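Results of the structural survey
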Amino acid sequence: MLRGFPPVVAADTHTLILGSFPGEASLAATQYYAHPRNQFWRLLGTVLGEAQLVELAYEERLRRVLAHGIGVWDVLAACEREGSLDAAIRNASPNDFASLRAHAPKLTKVCFNGKTAGRFAPVIGAAGYDTLVLPSSSPANAMLSFEQKLVLWRAVVE
């Protein structure tokens, strides 16, 4: 059984971006979106007006993102999976979203990084959050160019 990471949130976090579950590179590095071809940090940095975000040390990336009121987490706390593809996820356990209100009382918007994570949008929406399903930043999602993804990712800050 693989275990995910704790949420990256603060008391003033107003927007949360949820992935499905960390890939192999992320688990090995114990960092969200550690695969060098994953476009998450580049997309988010561009949207936040911090294009250099992708080049910063991981802890500094997190600090900068939190300073913008953005948090990062995954929909799944644990699962079984061979490789990194969402399609290979088995025996998944969701994260405890009910506890999130205590950690991030100003949270109003939850964005989902990809369709797999986006399957949780109705549940999160029913809990009173605005939801937005974004195209996956994963290198496995090659159907859209970076620029096409960026157009949709700009809604994170709107």
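Here we summarise the structure given alongside this text. None of these values were measured; they are calculated from a predicted model. (Residues numbered from 1 in each chain as written. Predicted model: local features only at pLDDT ≥ 70, side-chain atom pairs only at ≥ 80, totals over all residues. Heavy atoms only, no water.)

Some words on the sheet that holds strand S7 (residues 130-134)
The strand order across the open sheet built from 4 strands is S3-S2-S6-S7, with neighbouring strands paired in parallel fashion. The sheet is open, and its two borders are formed by strand S3 (70-74) and S7, each paired with just one other strand. Put simply, the sheet's adjacent strands are angled 25° from each other on average, direction ignored. Of the strand pairs in this sheet, strand S2 (residues 15-19) and strand S6 (residues 109-113) are connected by 4 bridges, and their pairing is parallel. Looking across to S6, one finds that Ile-17 is bridged to Cys-111. (Pairing = 2+ DSSP bridges. Helix = DSSP H or I, 4+ residues; strand = E, 2+ residues; numbered from the N terminus. Axes fitted to C-alpha atoms, helices over the stretch in contact; angles between N-to-C directions.)

As for the pattern of salt bridges
The full count for this structure, using the stated rule, is 3 salt bridges. Where Arg-64 meets Glu-50, a salt bridge forms, and the shortest distance between an N and an O atom there is 2.8 Å. Of this pair, Arg-64 sits in helix H3 (residues 58-67) while Glu-50 sits in the loop between helix H2 (40-48) and H3; the two residues are 14 residues apart in sequence, bridging distant segments of the chain. Overall, Arg-64 belongs to the partly exposed group, its relative accessible area being 23%. Classification of Glu-50 by relative accessible area gives buried; the value is 13%. Of the charged contacts, one joins Glu-60 and Arg-63 as a salt bridge, the two residues approaching to 2.7 Å between their closest N and O atoms. One end of the pair, Glu-60, and the other, Arg-63, are both in helix H3, 3 residues apart, so they sit about a helical turn from each other. A relative accessible area of 23% places Glu-60 in the partly exposed class. Look at the salt bridges and you will find they share partners, linking Glu-50, Glu-60, Arg-63 and Arg-64 into a network. (Salt bridge = Lys/Arg side-chain N within 4 Å of Asp/Glu carboxyl O. Buried < 20%, exposed > 50% of the residue type's maximum accessible area, 1.4 Å probe, protein only.)

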